[in-house]
Each structure stands twice: as C-alpha cells, then as structure tokens.
Amino acid sequence: MSDRNRKIDYIEFNVSNIEKTKAFYSAAFGWTFKDYGPQYCEFSDGRLTGGFTTTGPVNSKGGALVILFADDISAAQTSVENAGGKITARIFEFPGGRRFHFTDLDGYELAVWSDN
C-alpha cells in the first residue's frame, strides 16, 4: 500500500482558456506547466500538482475538484458507495490512469484516481 493511498493527491480547475490561465498563474506565482493536449494541462507550484481543464463547466464562484489517490480504485468506489456517496461518473480511463467522480453527503464533488 502506498503512502498516498486514500489521501488528497491532486486538485483540478475547470477553466475557459488554458493558455490565459497558465499565463496568469505563471506571472502571479511562478508555477510551471506540462501540457497533455489542447484540453488539459498539469501545473506545479513546486510542492503540489494539479490540473487545468476545459472539459467541464467553469464555476465562477470557485470550487476546484479535489482528487484523492487509491491503490485499488474499484475498492475505493465500493467504499464510497457503501458510505452513502453518490457516484456521478463511474470508473473511466484517461491518459495516466483511471478515475471516478462522486458527491459526498453534502453534495461536494470529489474524484478518486489510480495509476493502475
């Protein structure tokens, strides 16, 4: 079992324009970036990584997607369901691994990912 199992591992922001967003965070905070195509970019602030994506709606009131890591993504999805969470996107593949999305009891959306 990894040290990051079932812990917050990543955050993701829906943005309207990745290039403008990268320019802002680079100028404001010195963040660096790794592109994964026209709809996704990973950022690093030197300690934490996250992503900017244009694949979902922008929430102008804020609200980054908090992403947890799981060694066993199927078991994590089952645990979320058994605890009363609502699965909003079942396990799907993406470049780098697999993930699912869920809402907690108060309606906050989170995701869980695995690299296997």
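Note that this is a predicted model, so its numbers are computed, not measured. (Residues numbered from 1 in each chain as written. Predicted model: local features only at pLDDT ≥ 70, side-chain atom pairs only at ≥ 80, totals over all residues. Heavy atoms only, no water.)

## Side note on the pairing of strand β7 (residues 97-103)
Among the seven residues that make up β7, six are buried, leaving the element largely enclosed by the rest of the structure. In terms of strand pairing, strand β6 (residues 86-94) meets β7 through six bridges, oriented antiparallel. Bridged to Phe92 within β7 is Arg99. Following β6, the chain reverses through two residues before pairing antiparallel with β7; Gly96 in that reversal takes a positive phi of roughly 115 degrees. Relative to strand β8 (residues 109-114), β7 is paired through six bridges, and the arrangement is antiparallel. (Buried < 20%, exposed > 50% of the residue type's maximum accessible area, 1.4 Å probe, protein only. Helix = DSSP H or I, 4+ residues; strand = E, 2+ residues; numbered from the N terminus. Pairing = 2+ DSSP bridges.)

## Regarding the sheet that holds β8
The sheet built from eight strands is open, its strands ordered β2-β3-β4-β1-β5-β8-β7-β6 with mixed pairing. At either end of the open sheet lies a strand with only one pairing partner, and these are β2 (32-35) and β6. Neighbour to neighbour, the strand axes of the sheet diverge by 25 degrees on average, direction disregarded. Judged from the four bridges that link them, β2 and strand β3 (residues 40-44) form a sheet pairing that is antiparallel. Each bridged residue has a counterpart across the sheet, and for Asp35 the counterpart in β3 is Cys41. Each of β6, β7 and β8 touches helix α2 (residues 73-82); the most contacted strand, β6, lies at about 170 degrees to it. (Axes fitted to C-alpha atoms, helices over the stretch in contact; angles between N-to-C directions. Contact = heavy atoms within 4.5 Å.)

## Side note on the nonpolar core
Grouped together as the largest cluster of nonpolar side chains are ten residues: Leu68, Ala70, Ile73, Ala76, Val80, Ile87, Phe100, Phe102, Leu110 and Val112. Here this core gets three residues from one element, more than from any other, and that element is α2. With near-sequence residues (within four places) excluded, Val112 lies in contact with Leu68, Phe69, Ala70, Ile73, Ala76, Arg98, Arg99, Phe100 and Phe102. (Core = buried A, V, L, I, M, F, W, Y, C linked by side-chain atoms within 4.5 Å.)

## Thoughts on helix α1 (residues 18-29)
Taking 1.5 Å as the rise per residue, α1 with twelve residues should run 16 Å; its terminal C-alpha atoms sit 16 Å apart, in good agreement. Where α1 is concerned, the buried positions are Ile18, Thr21, Lys22 and Tyr25. Buried residues of α1, viewed axially, fall in a sector of 100 degrees; they line one side. Of the exposed residues in α1, the ones pointing more than 90 degrees away from its buried face are Glu19, Lys20 and Ala27. The backbone nitrogen of Glu19 has a side-chain oxygen 3.0 Å away, supplied by the residue at the start of α1, namely Asn17. Where α1 ends, the next residue or the one after it, Gly30, has phi of about 75 degrees, a positive value. (Expected span 1.5 Å × (residues − 1). Arc of directions from axis to C-beta. Polar contact = N/O pair within 3.5 Å; in protein donor to acceptor, adjacent residues only side chain to side chain.)

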